[in-house]
Amino acid sequence: MGTALDLSWQAGLFIFGQDYGQDAANDISSTYGFFPRMLTTSASDLDDRGIGIYGQARFTAWKKLDIAAGLRFDYEDKDANLVNAMGFSSRLSDSYSEASPQFSAAYRYAPDQMAYASVSRGYKAGGFNPARQAFPLRPGQNRMTRSIPGTMNWDTRQGGWGTGSNRRWRFFI
Amino acid sequence: MINISSRPSSERWNVQAEGAYGNYSYRDLRASVSSPLLKERFSLNLAGGYSGRDGYTDNDLTGHDLDSRAAGFGKGQLFFKVNDQWKIRWIVSGERDRDGDYALGDLGYIRANPNHVNRDFEGYTHRGVGSTTLVVDYAGATVDFSSISGGVWWKTHSLTDLDYQTAALANGGLYAIRDSTEHSIS
């Protein structure tokens, strides 16, 4: 784009699948026969499928100023088959999607010194908790106790770093 | 963000080995060998090791230590340079763990006897992990391309005491154990 302005970019595709299973058995008895033996089992099967698409572009002006922007879109589809210790079975399914932007700027005011600022949003899809199997809730009620909502957070950073003359000192802020 | 990069090819044949030994019979052995680029196309990288120790907590009922750890692991890489633009890397790794039981017990007993429990059942946690990754890189004049495909398989089997005490008349002869298995492929 000319000597004053330079553009670099990156784009990517992320595809994944995961099958998870958990089987547990609790065996409780009395050595002296004071109470009958209790054998309880639980099982969980979780199937996840997901795709993520991202792109990022960075403009560099006069080899001193970097301005970057990026966007990632995630989609995950999750199925769960949960059987609790009381024998109640639940088949649950849900999908989660989110777009996560990112912006940053950096200025190199000297060859070995720069200041920067960035803001980005992170995202983790929700899902189902295989450990919440203790109580025989009815279908519909299960969903609230076993479903984990997706989470996101904003992250902002500002700072700078540099190296002094003759490389005798350096700083990070 | 955690970025873990596999070891690149070395410029010459490189063989390393190291070992450590400590109290609680701690032992750690690991070794690696990596080749330079052979015939301008291939390189090989192998690494593996074993690490283990005895448990920190003793079970006074049996005299055994309870929470020992032992793990063997290995990793291999094969690098293939097709030409100046295309490069392929194949990575295979595995791990096998044979750990002791959780060091849990009656709180009053542990407070009176730190690092000691009194239980009538001793379990374990066994774990196996395997993974493989294929990395294909293309370096063009204006655009670079990278493809990373991988799979991970793991399985964990835990058997443990559930009541963490000894069956006695005072607790009705309670004897409880938990057997759980987790497995995943992705």
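The shown structure was predicted, so the numbers you read here are calculated from the model rather than taken from an experiment. (Residues numbered from 1 in each chain as written. Chains lettered and ligands numbered in written order. Predicted model: local features only at pLDDT ≥ 70, side-chain atom pairs only at ≥ 80, totals over all residues.)

### Structural notes on the overall build of chain A
The helix and strand tally for chain A stands at one helix and nine strands. Each helix (α) and strand (β) of chain A, taken in turn from the N terminus, gives the series β-β-β-β-β-β-α-β-β-β. Expressed as a percentage of its 173 residues, the buried residues of chain A come to 10%. For chain A, long-range pairs separated by at least 24 residues make up 59% of all intrachain contacts whose partners lie at least 6 apart in sequence. (Helix = DSSP H or I, 4+ residues; strand = E, 2+ residues; numbered from the N terminus. Buried ≥ 20, exposed ≤ 12 C-beta atoms within 10 Å, placed from the backbone. Contact = placed C-beta atoms within 7 Å.)

### Let's talk about the overall build of chain B
Scanning chain B from N- to C-terminus turns up one helix and 11 strands. Going from the N terminus to the C terminus, chain B shows its helices and strands as β-β-β-β-β-β-β-α-β-β-β-β. C-alpha extents for chain B along the principal axes are approximately 80 × 35 × 25 Å. Burial statistics for chain B: of 186 residues in total, 12% are counted as buried.

### Section: the interface of chain B and chain A
Where interface size is given, it is often the accessible area lost as the parts come together that is meant. With 17 residues of chain B at the contact, the number on the chain A side is 19 residues. When its residues are assigned to classes, the side of chain B that touches chain A shows seven nonpolar, seven polar and three charged. For strand β1 (residues 5–30) of chain A and strand β11 (residues 174–185) of chain B, the ladder comprises 12 bridges, and the chain directions are antiparallel. Bridging across to β11(B), Asp23(A) finds its partner in Thr181(B). (Nonpolar A, V, L, I, M, F, W, Y, C, P; charged D, E, K, R; others polar. Pairing = 2+ DSSP bridges.)

### Examining the confidence of the model for chain A
Of the residues in chain A, 89% have a pLDDT of 70 or more, and the chain-wide mean is 87. Scored below 50 in pLDDT, residues 140–144 of chain A shows three contacts in the model against residues more than four places distant or in partner chains. (pLDDT = per-residue confidence, 0-100.)

### Here we look at the sheet that holds strand β4 (residues 58–59) of chain B
Residues and elements named next belong to chain B. Here we have three strands laid out as an open sheet, ordered β5-β4-β8, and mixed in their pairing. The open sheet terminates on both sides in strands that have one partner only, identified here as β5 (64–65) and β8 (116–117). Taken together, the two bridges between β4 and β8 define a ladder with parallel strand orientation. Bridge assignment links Asp58 to a residue of β8, and that residue is His116.

### A closer look at the pairing of strand β3 (residues 65–83) of chain A
Residues and elements named next belong to chain A. As paired strands, strand β2 (residues 38–61) and β3 are joined by 19 bridges and run antiparallel to one another. The residue of β3 that forms the bridge with Ile53 is Phe73. The hairpin turn running from β2 into β3, its antiparallel successor, is three residues long, and Trp62 in that turn takes a positive phi close to 50 degrees. Taken together, the 19 bridges between β3 and strand β4 (residues 89–110) define a ladder with antiparallel strand orientation. Bridge pairing in β4 links Asp79 to Ser93. The hairpin formed by β3 and β4 contains five residues between the paired strands, and Gly87 there has a positive phi angle of roughly 90 degrees.

### Digging into the environment of Asp77(A)
Residues and elements named next belong to chain A. Turning to its location among the elements, Asp77 is positioned in strand β3. Taking the C-alpha atoms as reference points, Asp77 and Trp161, 84 residues apart in sequence, are found 42 Å from one another. In contact with Asp77, other than residues within four places in its own chain, are Arg49 and Ser95.

### Let's talk about unusual backbone geometry
Trans is the common state for peptide bonds, and a negative phi is the common state for residues other than glycine. Of note, Ser25(B) is a non-glycine position whose phi angle comes to about 55 degrees, a positive value. The residue Ser25(B) is located in the loop between β1 (14–22) and β2 (26–34) in this model.

### A closer look at the environment of Ile173(A)
All names here are of chain A. Structurally, Ile173 can be placed in the segment after β9 (170–172). Taking C-alpha positions, Ile173 is 43 Å from Pro130, a pair spaced 43 residues apart along the chain. Each residue touching Ile173, except ones within four places of it in the same chain, is listed here: Gly159, Gly160 and Trp161.

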